[in-house]
Amino acid sequence: MMTEKDTGTENIITDEMANPSLSKSGGDPGITPLSPSHIQQSDTDQVQSGPSFVVVVAIDFGTTSSGYAYAFTKEPECIHTMRRWEGGDPGVSNQKTPTTILLTPDRKFHSFGYAARDFYHDLDPSESKHWLYLEKFKMKLHTTANLSIDTEIHAANGKRVKALDIFAYALAFFKEQALKELSDQTGSEFDNSNVRWVITVPAIWKMPAKQFMREAAYKSALVSRENPEQLIIALEPEAASIYCRKLRLHQMVDLGTQTTQNGFSPNDNVGSGMTQVSPGDRYVVMDCGGGTVDLTVHQIRLPEGHLKELYKASGGPYGSIGVDYEFEKLLCKIFGQDFIDQFKIKRPAAWVDLMIAFESRKRAAAPERTNPLNINLPFSFIDYYKKFRGHSVDHALRKSNVDFVKWSSQGMLRMSPDAMNTLFKPTIDHIIQHLTELFEKPEVSDIKFLFLVGGFAESSLLQQAVQNMLQGRSRIIIPHDVGLTILKGAVLFGLDPSVIKVRRSPLTYGVGVLNRFVEGKHPPEKLLIKDGTRWCTDVFDTFIAADQSVALGEMVKRSYTPAKPSQQVIVIHVYCSEKESAGFISEPGVRKCGTLRLDVSGTESSAPRREIQTLMQFGDTEIRAMAIDVSTGRTVKASIDFLSH
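As a starting point, this report considers the structure included with it. Values in this document were obtained by computation on a predicted structure and should not be read as measured data. (Residues numbered from 1 in each chain as written. Predicted model: local features only at pLDDT ≥ 70, side-chain atom pairs only at ≥ 80, totals over all residues. Heavy atoms only, no water.)

### Some remarks on the pattern of salt bridges
Under the definition given, this model contains 27 salt bridges. A salt bridge links D324 to K362; its shortest N-O distance comes to 2.7 Å. Placement of D324 in helix α7 (residues 321-335) and of K362 in helix α9 (residues 348-362) is noted, with a sequence separation of 38 residues between them. On the accessibility criterion, D324 (4% relative accessible area) is buried. One salt-bridge network, held together by shared partners, links K136, D324, E359, K362 and R363. (Salt bridge = Lys/Arg side-chain N within 4 Å of Asp/Glu carboxyl O. Helix = DSSP H or I, 4+ residues; strand = E, 2+ residues; numbered from the N terminus. Buried < 20%, exposed > 50% of the residue type's maximum accessible area, 1.4 Å probe, protein only.)

Okay, here's the thing in structure tokens:
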């Protein structure tokens, strides 16, 4: 819990936060320190009140592949994964579809997934350069430092499009597919208002990226701004965790007790007497996806078996696309960066084909493999290279100093298993380093199980590396339907969002305030004298600290007063830091990350000093704010915004 403020000091909010148009001297609304600073709400006040939904549909919008699953609230045990998609790749079998989108030359949505890929592939090169094909675009939300509604992403032909439009098109596609399937299931047209939607995002995503997903959902008409509670943002490893703790013996593989082949065991008898996760157990879920690897540490609490997070979510951009980048680097080394850059722009569909060919060989990589892996080079690659360089592809391979890659007479790149394993190494090294650091944390002791989930968890190279690192300290468990774990868990989460009772805040959040200046305690450069009173400026008033435990429904409470009776809107800047404590908003590492907006128009009252009580909720997957005008008891419209405008 946060330490109580000394009620004798006065806190006043500083700088132009209150109302950007006011001068510094006029724009300081007072903050009344209130105690207690946290209040616990009973569970009944939460999200569950509100419309009752007939079905929960979860969308797993992945970096490389996507899909949806659903369950009717009357039969919560029965989770349906979406129908099989048309198309599909050799050597890649699951129920998800590639996260690829095709727009027509005039930027209208054309198709998604296999359909988008196949159509794009069949276009004549003279035409295909005008079409906009996008893939692996989800990572943009993780890597963009100042993400905004206007952030742009590049299509395969080099043209730029608004990221928000692309995400909205994808969500609209899933909405249409799912409602069509539900209508067929129930025999009549299924109404979107009966659906609670869940969208999964990596736990390590910052607030702007989560908010961006919500904005895309509003734009796609998945849900409306008027009913925000119809959409829940779920965290991928949390969803996996909810699913994993329910696993029965026959639904998983224990890596320690048998040889696994390609992630699946030849015989299904798991180690002697192994039972599922039991109360009090502490476990780590490692979600290894296309773009990110996300780790979360949970403990099951009695009596109801709720989950408690023991350490803040961690991870990084160490997903399987890292292996694709290494392959691309290898091609640049052999054929030259200038050629590869040119080829990608001039023959974008052929480049996509080449990466699909690589994908199926990537999945065939294994620690004990001895025979080489052959990758088909598209004809237009061979042809274009000859035009570009004036000599053949096999000449380039002979000339390059890459030993493990040869040219086979059938027109294929022949890679030795070592060459393939080398492409995995940087990504797997990152993951192992992160896992090692996590297991050294005091909060992460006596971990009974490590669940490996996500599409990349199927890689036997990754499985072996994790086994070597853990040396038997925890049991490594892989669910059978490892690629669908998150999807199924997200449905369970949508059915009961209160299952995760305690989370850890990933960052320290707060606002800047004025405190009474204390000689010797406060730095002299922070002194501000106003109407004869000595104030210390830029003091960081902490709402919540990084890695602090927050219970679901727990509120941080502050009061703000408009600077002038006529003021319509109070705007307060929210600051955040990775550090657990901050004294001043001007410290290194503290950055402005959002704005809290209180719309006080229409709440004028005769009270001499209006007090707007603000409640902020940090225990959920998104940060929410609500506010009340104390004198009238009326609700004040409060919103907290993390997307830079």
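### Some points on the packing of helix α6 (residues 236-244) against helix α14 (residues 485-495)
Contact geometry for α6 and α14: axes closest at 7 Å, N-to-C directions at 85°. The orientation of α6 with respect to α14, classified from their angle, is roughly perpendicular. Facing E236, A239, A240, I242, Y243 and C244 of α6, the residues of α14 in contact are T485, I486, K488, G489, A490, L492 and F493. The residue makeup of the contact of α6 with α14, split by class, is nine nonpolar, two polar and two charged. (Axes fitted to C-alpha atoms, helices over the stretch in contact; angles between N-to-C directions. Parallel < 35°, antiparallel > 145°, perpendicular 65-115°, else oblique. Contact = heavy atoms within 4.5 Å. Nonpolar A, V, L, I, M, F, W, Y, C, P; charged D, E, K, R; others polar.)

### Observations concerning the sheet that holds strand β28 (residues 549-551)
Ordered in space as β15-β23-β22-β16-β17-β18-β24-β28, the eight strands form an open sheet in which the pairing is mixed. Among the strands making up the open sheet, the edge pair consists of β15 (252-254) and β28. Averaged over all neighbouring strand pairs, the angle between strand axes comes to 25°, with direction disregarded. (Pairing = 2+ DSSP bridges.)

### Quick word on the packing of aromatic side chains
A full pass over the atoms with the stated rule returns 30 aromatic pairs. Taking the centre distance of 5.1 Å and the plane angle of 75° together, the rings of F335 and F381 count as edge-to-face. A residue pair is termed long-range when its members are at least 10 positions apart, and F335 in helix α7 and F381 in helix α10 (residues 379-389) qualify at 46 residues. Judged by its relative accessible area of 1%, F335 falls in the buried class. On the accessibility criterion, F381 (0% relative accessible area) is buried. (Phe/Tyr/Trp six-rings, centres within 6.5 Å; stacked < 30°, edge-to-face > 60°.)

### Details of the nonpolar core
Soluble globular proteins tend to pack their nonpolar side chains together in the buried interior. Core analysis: the largest hydrophobic core is formed by 97 residues, its most contacted members being M286, F327, F335, F451 and V466. With ten residues, the single largest contributor to this core is helix α12 (residues 417-439). When residues no more than four places from it in sequence are discounted, the contact partners of V466 are M286, I432, L435, L450, L452 and I476. Residues F61, F137, M213 and Y218 belong to the second largest nonpolar core, which totals 50 residues. (Core = buried A, V, L, I, M, F, W, Y, C linked by side-chain atoms within 4.5 Å.)

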